[in-house]
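Chains, contacts and geometry: an overview
Here are the chains, one letter per residue:
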Amino acid sequence: MPEKITKETLEHLLSLSRIELTEEEKKNKEPKLLNDLQRILEHFEELNEVNTDGVDVIEGGKAGVNEYRKDEEKSDFRKEDATEQFPETHGGYLKVPAILEHKKKSTNN
Amino acid sequence: MNIRDLSVKEYGEGLRAKKFSAEEGMHEFLSVIKKEDKKIHAFLSVFEDEALTQARAVDGKIAREEMLHPLAGVPIAVKDNILIHGAKTTAASRILENYASAYDATVIQKLRDSDVVFLGKTNMDEFAMGASTENSAFGATKNPYDISRVPGGSSGGSAASVAAKFAPMALGSDTGGSVRQPAAFCGVVGFKPSYGAVSRFGLIAMTSSIDQIGPIARSAEDVSFLFDAIEGKDRFDTTSVGVPSGEYSEEAVKKIRIGIPKEYFLPAQAGGEGVDAPVKAEVMKSIEAFRKNGFAVKEVSLPLTKYAISVYYIIVPAEVSANLARFDGIRYPKELKKGFEKSFSDLLEKYKKARGYGFGDEAKRRILLGTFVLSAGYYDAYYKKAEKVRELITREFESVWDDVDVLLAPTTPTRAFKFGEKTDDPLQMYACDMLTAPANLAGLPALSVPVKKYEIGGKELPVGLQIIGRQFHDREVLALGRFYEKYLRV
């Protein structure tokens, strides 16, 4: 079933997961991480012994009954209690780094 | 009378009979924590002022002879992944190091309404990922029975705090055994309710299709009191439905048919997983006590048990990779290490640096593994396959309920192990959950009670007896646990 997780796959997974390892971690931890993931995935292969033909599942949980409620505000939640926890705020809103750059007039193109 | 020795029930009764005040009780616990928790490290934070204020308010109500909940004034230790409004909640992760909760979890709101006093937040494996508390970003908790050994995990701080009598009761959370396994290792009682019994609103989500909040105390009776106070349907958690009310008389308890799943007793093979001989021997003695007292005991077989760990460690990382995406460096953490803000040039780099810095090794491993098993080309082979086997494990449990009402088994394959013994090999650490994870996958209630009375300072390390029941038969499981400790336990 599994194709070996290569160093390239690991780099790709790190990137998808938005995790950057420091240079030190890359040197000291990445080989073990790669080996651990490989061994864990090999262990999972035992599931191939189980015949699951015709088994229907609801992925990610259990079948339940849909819950309806009136669309009305009931919370006593204070917005400030949340926003005060943000690393950076501006006027009571979450401040994020700029995504679009202003082009400066002095640039050559 | 030593206040610290009192059960939850006795503590509440003592307060209402004015044998001691809630404030006196609180001073007792606060001072012992201050003196002795340096050695154990059960707590990540202690609410000294707030706890005393809450206790005085309870004393006021007692003086005015107001109607009080049986748990009023009783102190509780709370696992640090459960939100208490205004209090630091770290989930033992650097990424939440300075985070203060914006609201109360539903279980906290319920306990607040019952005038329970919050003593502090307990240590755990980061984001509840682990079986030893060694994955805490703030240092491990030690087992009060032997400080060279782990207390179990992930709710290790909660179990240790109750064992060390720093608190009469505690809350933990159990996704693959995280309440029961530390309860077994620390010689206390821990209960994983049915999936849907207790609201998870305000529990930091690890694996939403499995997570449950569960009570820990020194007796099944106390655990039952705490369970009664926290269970129930909650409009903030649509998966919560509560459990049927009702008492089990002792006559009804004696009619409970006991099943012994033989796969839960298989010995450890060379290099493989299995149950240690001394653990098996102790649990067999408990089962014998049931048999001698007229219980119907029958061997049953659950052959898919051996696949539970693989299923669990596919589904859990898959959900972890999604649930932990919210820790993005933008909304959390409040602050990272000094100078960090200057070390990135754009948003993407900020995400990567914050998460790289903020998550520990096991969190990273699970995020990566989860991302892998959900990725195109592997989704069917891993995630979907695991969900199918999970369904078969659930059906397999259902198939035995025609013949028996509960299953008795060891809680853990071993007793508390030494620090560092399993940290190098994630598969060995994962195997700690082999006897607890199946109940989680199937959403069943499961209790761990010490097989006998243990004393800290005694020579023995505790062993836990696990009682697994049908979904939403939580009160049946608890009733059998109470019967065991009252009549059968030596």
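In this report, we go over the structure that sits alongside the text.

Cut-offs applied
- Residues numbered from 1 in each chain as written.
- Chains lettered and ligands numbered in written order.
- Predicted model: local features only at pLDDT ≥ 70, side-chain atom pairs only at ≥ 80, totals over all residues.
- Heavy atoms only, no water.
- Helix = DSSP H or I, 4+ residues; strand = E, 2+ residues; numbered from the N terminus.
- Contact = heavy atoms within 4.5 Å.
- Buried area = accessible area lost by both parts, 1.4 Å probe.
- Salt bridge = Lys/Arg side-chain N within 4 Å of Asp/Glu carboxyl O.
- Polar contact = N/O pair within 3.5 Å; in protein donor to acceptor, adjacent residues only side chain to side chain.
- Buried < 20%, exposed > 50% of the residue type's maximum accessible area, 1.4 Å probe, protein only.
- Phe/Tyr/Trp six-rings, centres within 6.5 Å; stacked < 30°, edge-to-face > 60°.
- Pairing = 2+ DSSP bridges.
- Axes fitted to C-alpha atoms, helices over the stretch in contact; angles between N-to-C directions.

A short note on the environment of Ile40 of chain B
Residues and elements named next belong to chain B. Mapped onto the secondary structure, Ile40 falls in helix 2 (residues 22–40). When the C-alpha atoms of Ile40 and Pro75 are compared, they prove to be 19 Å apart, with 35 residues separating the residues in sequence. Once you skip the residues sitting within four places of it in the chain, Ile40 turns out to touch Ala140, Thr141, Lys142, Pro144, Ile147, Ala160 and Phe166.

Thoughts on unusual backbone geometry
Residue and element names in this part refer to chain B. Each neighbour pair has its own omega, and for Gly153 with Ser154 the value is 10 degrees, a cis peptide bond. Here Ser154 lies in the loop between strand 3 (117–122) and helix 5 (156–163). A positive phi angle is found at Phe127, which is not glycine, with a value near 50 degrees. Looking at where Phe127 falls in the secondary structure, it is placed in the loop between strand 3 and helix 5.

Examining the interface of chain B and chain A
Taken residue by residue, the interface counts 64 residues in chain B and 55 residues in chain A. Counting each side, the surface lost to burial between chain B and chain A is near 5400 Å², with a carbon and sulfur contribution of 64%. There are six salt bridges connecting chain B and chain A. The salt bridge partner of Glu25 of chain A is Lys364 of chain B, with a shortest N-O separation of 3.2 Å. Along the contact surface separating chain B from chain A lie 15 residue pairs in polar contact (both at pLDDT 80 or more). Contributing elements (two or more residues each) for the side of chain B that touches chain A: helix 10 (308–323), helix 11 (347–358), helix 12 (361–373), helix 13 (379–400), helix 14 (426–431) and helix 15 (437–442) of chain B.

A word on the environment of Gly469 of chain B
Residue and element names in this part refer to chain B. By the secondary structure assignment, Gly469 is in strand 11 (residues 464–469). For Gly469, a relative accessible area of 0% translates into the label buried. C-alpha of Gly469 to C-alpha of Thr436: the two residues are 33 residues apart in sequence and 12 Å apart in space. Setting aside chain neighbours within four positions, we find Gly469 in contact with Trp401, Asp405, Val406, Leu444, Pro445 and Val477.

Focus on the packing of aromatic side chains
Residue and element names in this part refer to chain B. Under the counting rule described, the total for this entry stands at 22 aromatic pairs over all chains. Centre to centre, the rings of Phe127 and Phe359 are 6.0 Å apart; their planes meet at 65 degrees, and the pair counts as edge-to-face. Of this pair, Phe127 sits in the loop between strand 3 and helix 5 while Phe359 sits in the loop between helix 11 and helix 12; the two residues are 232 residues apart in sequence, bridging distant segments of the chain. Overall, the relative accessible area of 2% leaves Phe127 in the buried class. Measuring from centroid to centroid gives 5.5 Å for Phe295 and Phe483, while their planes differ by 75 degrees, and the two rings are edge-to-face. Here Phe295 is found in the loop between helix 9 (277–292) and strand 8 (297–300), whereas its partner Phe483 is found in helix 16 (residues 474–488), with 188 residues between them in sequence. When its relative accessible area of 4% is taken as the criterion, Phe295 is described as buried. Residue classification places Phe483 among the buried positions, given a relative accessible area of 7%.

Concerning the sheet that holds strand 10 (residues 446–450) of chain B
Residues and elements named next belong to chain B. Taken together, eleven strands build an open sheet; the order of strands is 1-3-2-4-6-5-10-11-9-7-8 and the sheet is mixed. Each edge of the open sheet carries a strand with a single partner, namely strand 1 (43–46) and strand 8. For this sheet the average axis-to-axis angle between neighbouring strands, irrespective of direction, equals 25 degrees. Two elements, strand 9 (residues 406–410) and strand 11, share five bridges in a ladder whose sense is antiparallel. Counted as the bridge partner of Ala409 is Gln466 from strand 11. Helix 5 contacts strand 1, strand 2 (75–79), strand 3, strand 4 (169–174) and strand 6 (212–217) of the sheet and is inclined by roughly 155 degrees relative to strand 4.

Observations concerning the pattern of salt bridges
Residues and elements named next belong to chain B. Taken as a whole, this structure holds 41 salt bridges over all chains when the rule is applied. Here Glu231 makes a salt bridge to Arg475, at a shortest N to O gap of 2.9 Å. Here Glu231, found in the loop between helix 7 (220–230) and helix 8 (250–254), pairs with Arg475, found in helix 16; they are 244 residues apart in sequence, far enough to count as distant. Here Glu231 falls in the buried class, since its relative accessible area comes to 13%. Taking the shortest distance from any N to any O, the salt bridge between Arg395 and Glu391 comes out at 3.1 Å. Taken together, the positions of Arg395 and Glu391, both in helix 13 and four residues apart, correspond to about one turn of that helix.

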